[in-house]
Amino acid sequence: MASVEKYFELVDQSQQQFIETLREVVAIPSVSGDASRRADVVRMGEWLQARWEAVGAVCKRVEPGKQTLNGQELDLPPVILGQYGNDPNKKTVLVYGHYDVQPALLEDGWETDPFTLVEKDDGRLVGRGSTDDKGPVLGWLLCVETHKQAGIELPVNLKFCWEGMEESGSEGLDAVIVAEADKWFKGTDVVCISDNYWLGTAKPCLTHGLRGVSYFHLQVEGPGADLHSGVFGGTVHEPMVDLVHLLAKLVDNSGRIQVPGIYDQVMPVTDAEERTYEGLEFSHAALAGDLRRDVIIHAEERDTLKHRWRFPTLSIHGVEGAFYAPGDKTVIPARVRGKFSLRTVPNMEPEKVAQLVTRYLEDEFAKLGSKNKMTVIETHAGRWWYSSPDHPNFVAGARATEKVYGVKPDLTREGGSIPVTLTFEENLGVNVLLLPMGAADDGAHSINEKIDKRNYIQGIKLLGAYLHEVAETDMTATT
C-alpha cells in the first residue's frame, strides 16, 4: 500500500497544522448540558458541516427536535449527516462521533483555561474535548483532507454521523438513526466509532464489548412530613433505616450481587476467552496509582478485568431526600430514594433483571415488618453489546493498528456503555468496530482533559490505514 505510506508522510508533515485545527475547535465551548451554551453547540456542528462540504462531502443537517433544559425549551443541536464518495464498486464505511463536550470551569481545578488548547512540554494537548470526542472527530476530517491534498483516492465511500447531545444522553439521536437506516445510511457495509480509550497508555486496542446498564430508584415513604428525632425516634418506622437495610442487601463487600438468579443468564467464560486476558497492558500497580489508593478487590489482574468487562456489577450511587449538608440536623426524613445501577453483560435480558431485582427487594422489605411503603422504579434499561473480534471489520482494524504502531492491538471490552453502538448494529444490520484514539489516562470528563500528541497524530494515521484495510478485506468472510 504505497499510497498509505504517502498518506503517513503527509500526516507527519502536517502535525502542527493539525494541532492548530484542534485548538480551533476546542475554543468552541460546545457544552450540551448548559442552556447558555446551546448556540456554541450549534456553532460547532455548523463548523463541521462547512469544513466537510469544503472538502467535497455532501451533508444533510437533521433537526432532531426540542428539549426542556433548566426550564427553557431549546432546539436540540443538529445531527450532521454526510457522505464523501459514492462509488458502487467501493465499500461504504459509516463513522460516528460527537461534537459536544462536558462542562468545564477554570475554578474546577484546571491548570489552564479549559477551552484554550495548551501543548505541554511532555506532549499532552490539554483542553476540554481534546480526546472526548473532538480529537477523533477531527481525525476523520483531517484524514480525508490529507488524502485529497496528497492526490490519493479514498479507497472507500465514507458516511458520517456527528451528534451534539452525546454528553447529555444523545437525546433525539436514536430516532434519527431509525428514520435514516434505509435512507441516508442505506448501503453501509460496516460502522466504526472512535469514542473510547486504550486499556493502558502504551498499547493500542480494539474494543468488542460493552456492558449495559439498568438504573433503579428504591423509594421508601413513611410519615406525611419530616419528623424530629428527639420526639419520634424509636416510635415510628423510619424510612432511612429501611432504605439503608435494603441497599446493604443488594451487594456484598466483595462486589458479589446478592439478588438470587442474577448470574444465571451470564455467558460462561470459555477457554478461548481466558486466553484473551494474556499479555494485556494492565496491572494492579498502575490501577492503584490511578485510584490513588489500593482499594482493589481482586487478587488476580484477570479477575479485575473480568469484573470490569464481562461480569455484572451493582453500584450504589446515592440517596435523595436525606440530610447531607454540612453541620448537624436531627431530622427523620419522611421519604427517601436510594439510587443504584446494575451493569449487565451477555446474555442478560433487562426485563428479567428488573423482575429479579424488584422481587428480591419486595421479599427483603416484607421481612422487615415495616409499615412504610416501598417502591422500586426502573428509570433506564440499556442493553449490553458484544461482537466477535474475529469479524473481518475487526481484522481490518487490527491490521491497521499493527501497520501504524508495530504491535498487535489488545482486544478489550469496556465496563461502561455506548448506547449508539447497539442502535447502529440493530438498525443497520452491520458490524460495529470501536477503534479508540485516546489513552486510558486522558481524563475525559475530568479536569485537565488531554490527548497526547502521539495518540492524536498516530490516531489520524490509524483512521486512514483502517479505511485502506477495509477496502482490501473481504467483509463477507465468515468467522
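Use the structure listed above.
Note that the coordinates shown come from a computational prediction; the quantities given were computed from them, not determined experimentally.

Conventions and cut-offs
- Residues numbered from 1 in each chain as written.
- Predicted model: local features only at pLDDT ≥ 70, side-chain atom pairs only at ≥ 80, totals over all residues.
- Heavy atoms only, no water.
- Pairing = 2+ DSSP bridges.
- Helix = DSSP H or I, 4+ residues; strand = E, 2+ residues; numbered from the N terminus.
- Contact = heavy atoms within 4.5 Å.
- Axes fitted to C-alpha atoms, helices over the stretch in contact; angles between N-to-C directions.
- Buried < 20%, exposed > 50% of the residue type's maximum accessible area, 1.4 Å probe, protein only.
- Polar contact = N/O pair within 3.5 Å; in protein donor to acceptor, adjacent residues only side chain to side chain.
- Expected span 1.5 Å × (residues − 1).
- Arc of directions from axis to C-beta.
- 1 Å grid on protein atoms, 1.4 Å probe; cavity = no way out; pocket = protein on both sides within 12 Å on 5 of 7 lines; lining within 4 Å.
- Points joined across faces, edges and corners; volume = space filled by probe spheres on them.
- Nonpolar A, V, L, I, M, F, W, Y, C, P; charged D, E, K, R; others polar.
- Core = buried A, V, L, I, M, F, W, Y, C linked by side-chain atoms within 4.5 Å.

Chemist: Looking at this structure, how should I read the sheet that holds strand 7 (residues 124-126)?
Modeler: What links the strands of a sheet is backbone hydrogen bonding, and the strands pair in either a parallel or an antiparallel sense. Taken together, the three strands give an open sheet; going across it, the order is 6-7-20, and neighbouring strands pair in antiparallel fashion. Each having just a single partner strand, strand 6 (118-119) and strand 20 (450-452) make up the two edges of the open sheet. Here three bridges tie strand 7 to strand 20, and the two strands are oriented antiparallel to one another. Bridging from a neighbouring strand, Arg124 pairs with Asp452 of strand 20. Here helix 14 (residues 453-472) sits on the sheet and contacts strand 6, strand 7 and strand 20; the angle it forms with strand 20, its principal contact strand, is near 65°.

Chemist: How should I be thinking about unusual backbone geometry in this particular structure?
Modeler: At the junction of Asp132 and Asp133, the peptide bond is cis and its omega measures out at 5° in the coordinates. Structurally, the position occupied by Asp133 is in the loop between strand 7 and helix 4 (134-150). Residue Pro346 is joined to Asn347 through a cis peptide bond whose omega torsion reads 5°. Within the element layout of this structure, Asn347 appears in the loop between strand 15 (335-344) and helix 11 (350-368). Even without glycine at this site, Ser170 takes up a positive phi of about 55°. Examined against the element boundaries, Ser170 turns out to sit in the loop between strand 8 (157-163) and helix 5 (173-180). In this model, Arg292 sits at a positive phi of 65°, which is unusual for a non-glycine residue. Here Arg292 lies in the loop between helix 9 (284-291) and helix 10 (301-309).

Chemist: Just checking my understanding: could you explain the side chain of Gln83 for this structure?
Modeler: Relative to the helices and strands, Gln83 is located in strand 4 (residues 79-84). Its relative accessible area of 15% is what places Gln83 among the buried residues. Among the polar contacts listed, one links the side chain of Gln83 to the backbone oxygen of Gly85, at a separation of 2.8 Å. Sequence-distant contacts of Gln83, that is, excluding residues within four places in its chain, are made with Ala57, Val58, Leu158, Lys159, Phe160 and Trp184.

Chemist: Help me understand helix 1 (residues 2-13), please; the structure alone is not making it clear to me.
Modeler: Counting along an α-helix, one turn takes 3.6 residues, and residues three or four places apart therefore face a common direction. Between its first and last C-alpha, helix 1 extends 17 Å over twelve residues, near the 16 Å set by a 1.5 Å rise per residue. Along helix 1, the residues classified as buried are Val4, Tyr7, Phe8, Leu10 and Val11. Summarising the axial view, the buried residues of helix 1 lie within an arc of 165°, below the 170-degree limit, and thus occupy one face. Exposed residues lying more than 90 degrees from the buried face of helix 1 are Ala2 and Gln13.

Chemist: Explanation requested: the layout of surface pockets in the structure shown.
Modeler: In this approach the atoms are scanned with a rolling probe the size of a water molecule, which exposes any empty space left behind. Roughly 1200 Å³ of internal volume is contained in the largest pocket. Phe282, Leu287, Leu291, Thr304 and Arg308 are, among the 33 residues lining the largest pocket, the residues nearest its centre. Elements that contribute at least two residues to the lining of the largest pocket include exactly helix 9, helix 10, strand 13 (313-320) and strand 18 (410-414). Residues of the lining of the largest pocket, tallied by class, amount to 13 nonpolar, 13 polar and seven charged. Reported here for the second largest pocket is a volume of approximately 710 Å³. Along the walls of the second largest pocket sit 30 residues, with Glu166, Ser417, Ile418, Pro419 and His445 positioned nearest its centre. For the lining of the second largest pocket, the secondary-structure elements that each account for two or more residues are strand 5 (92-98), helix 5 and helix 13 (419-428). Counted by class, the lining of the second largest pocket contains eleven nonpolar, ten polar and nine charged residues.

Chemist: Any chance you could explain the sheet that holds strand 11 (residues 212-221) here in plain terms?
Modeler: Ordered in space as 13-15-11-16, the four strands form an open sheet in which the pairing is antiparallel. Looking along the sheet, the strands with just one partner apiece sit at the ends: strand 13 and strand 16 (373-382). Neighbouring strand axes in the sheet, compared pairwise and without regard to direction, differ in orientation by 20° on average. Alignment of strand 11 against strand 15, held across ten bridges, turns out to be antiparallel. Bridging across to strand 15, Gln219 finds its partner in Arg337. Packing of helix 11 onto the sheet brings it into contact with strand 11, strand 15 and strand 16, and relative to strand 16 it is tilted by some 165°.

Chemist: How do you make sense of the nonpolar core when you look at a structure like this?
Modeler: As a rule of thumb, nonpolar side chains are buried together in soluble globular proteins. Residues Trp52, Trp162, Phe424, Tyr456 and Tyr466 are the most contacted members of the largest nonpolar core, which totals 89 residues. Per element, the largest residue contribution to this core is nine residues, and it comes from helix 14. Residues contacting Tyr456, with those up to four places away along its chain left out, are Phe18, Ile19, Leu22, Leu125, Gly135, Leu138, Leu142, Met437 and Ile451. Membership of the second largest hydrophobic core comes to 30 residues, among which are Leu247, Leu250, Phe311 and Leu342.

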